[in-house]
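The chain contents come next:
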Amino acid sequence: MARYHGKGGVVYLSITGTGAATVILALNKWSLSMAADKSDASAFDDTNKRAVQGLPDISGGISGWWDDTDDNLYDASRSNDGCKLYLYPSKLTTAKYFYGPAWIDFTIDTGVDGPVATKGDFVANGAWGQF
């Protein structure tokens, strides 16, 4: 099993639910949570609590530095039908990635003590998968 450094991560994003996805510039981090809902199913005489698993609650974020030549993250956040996300852990292994439709929120953060940062938090807008 190979291991990879995070410096090779890549994010592709479309600005609509049906548009073509392109690389988002100046990103330096992404995260993905595929945690499923869990509900307590404990009963009398159980020796410990038991849970049943529900649907995955897919969410995450992408972040980096604001690039004035790339409005795709902002544009995707304004889309009426969401966007498409492709999250690659490393560009060295383009055969492994996570993908799916999403709703995305745009944040920009400007301070006197550092570069202008940007962030997009997302939630699933349909079925997600791993290739």
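All of these numbers come straight from a predicted model, not from anything done at the bench. (Residues numbered from 1 in each chain as written. Predicted model: local features only at pLDDT ≥ 70, side-chain atom pairs only at ≥ 80, totals over all residues. Heavy atoms only, no water.)

## Section: the overall build of the chain
Here is step 1: When you go through the chain residue by residue, the secondary structure sums to 1 helix and 10 strands.
Here is step 2: Beginning at the N terminus, the succession of helices and strands in the chain can be written as β-β-β-β-β-β-α-β-β-β-β.
Here is step 3: Taken over C-alpha atoms, the radius of gyration comes to 18 Å for the chain, far larger than the 14 Å a tight globule of 131 residues would show.
Here is step 4: By principal-axis analysis of the C-alpha atoms, the chain measures approximately 60 × 40 × 40 Å.
Here is step 5: For the chain, the proportion of its 131 residues judged to be buried stands at 28%.
Here is step 6: Across the chain, contacts joining residues at least 24 apart in sequence account for 61% of those joining residues at least 6 apart.
Here is step 7: When the accessible area of the chain is evaluated, it comes to approximately 8,700 Å², of which 53% is carbon and sulfur surface. (Helix = DSSP H or I, 4+ residues; strand = E, 2+ residues; numbered from the N terminus. Rg over C-alpha atoms; globule rule 2.2 N^0.38 Å. Buried < 20%, exposed > 50% of the residue type's maximum accessible area, 1.4 Å probe, protein only. Contact = heavy atoms within 4.5 Å. Areas by Shrake-Rupley, 256 points an atom, 1.4 Å probe, with all protein chains shown as cover.)

## Describing unusual backbone geometry
Here is step 1: With a phi close to 65 degrees, Ala 26 is a non-glycine residue in the positive phi region.
Here is step 2: Residue Ala 26 is classed as partly exposed on the basis of its relative accessible area, which comes to 34%.

## Quick word on the pairing of strand S9 (residues 117-124)
Here is step 1: Bridge analysis of strand S6 (residues 59-65) against S9 gives 7 bridges, and the strand direction is antiparallel. Counterpart to Gly 64 in the pairing with S9 is Thr 118.
Here is step 2: Here 8 bridges tie strand S8 (residues 98-109) to S9, and the two strands are oriented antiparallel to one another. Pairing of Asp 109 across the sheet is with Ala 117, part of S9. (Pairing = 2+ DSSP bridges.)

## Considerations on the environment of Ala 95
Here is step 1: Inspection of the secondary structure assignment puts Ala 95 in the loop between strand S7 (83-88) and S8.
Here is step 2: Spatially, the C-alpha atom of Ala 95 lies 29 Å from that of Gly 54, the residues being 41 residues apart in sequence.

## Here we look at a nonpolar patch on the surface
Here is step 1: Judged by side-chain polarity, Tyr 12, Val 23 and Leu 25 come together as a nonpolar surface patch covering roughly 230 Å² of accessible area.
Here is step 2: On the secondary structure map, Val 23 appears in strand S2 (residues 22-23).
Here is step 3: The partly exposed category is assigned to Val 23, whose relative accessible area is 39%. (Patch = residues over 30% accessible without salt bridge, like charges linked within 9 Å, V, L, I, M, F, W, Y side chains within 5 Å. Salt bridge = Lys/Arg side-chain N within 4 Å of Asp/Glu carboxyl O.)

## A closer look at the nonpolar core
Here is step 1: Judged by nonpolar contacts, the single largest core of 15 residues is most densely connected at Leu 13, Ile 62, Leu 85, Leu 87, Ile 104, Phe 122 and Trp 128.
Here is step 2: Among the elements of the structure, strand S1 (10-13), helix H1 (72-77), S7 and S8 are those that each provide at least two residues to this core.
Here is step 3: Other than its neighbours up to four places away in sequence, Ile 62 contacts Val 11, Leu 27, Lys 29, Trp 30, Leu 73, Leu 87, Ile 104, Thr 118, Lys 119, Gly 120 and Phe 122. (Core = buried A, V, L, I, M, F, W, Y, C linked by side-chain atoms within 4.5 Å.)

## Observations regarding the side chain of Ser 63
Here is step 1: By the secondary structure assignment, Ser 63 is in strand S6.
Here is step 2: Once residues lying within four places of it in the same chain are set aside, the contact partners of Ser 63 are Leu 27, Asn 28, Lys 29, Thr 118 and Lys 119.

## Remarks on the packing of aromatic side chains
Here is step 1: Counted according to the given criterion, the structure contains 9 aromatic pairs.
Here is step 2: Among the aromatic residues, those joined into a ring-pair cluster are Tyr 12, Tyr 86, Tyr 88, Tyr 97, Tyr 99 and Phe 131. (Phe/Tyr/Trp six-rings, centres within 6.5 Å; stacked < 30°, edge-to-face > 60°.)

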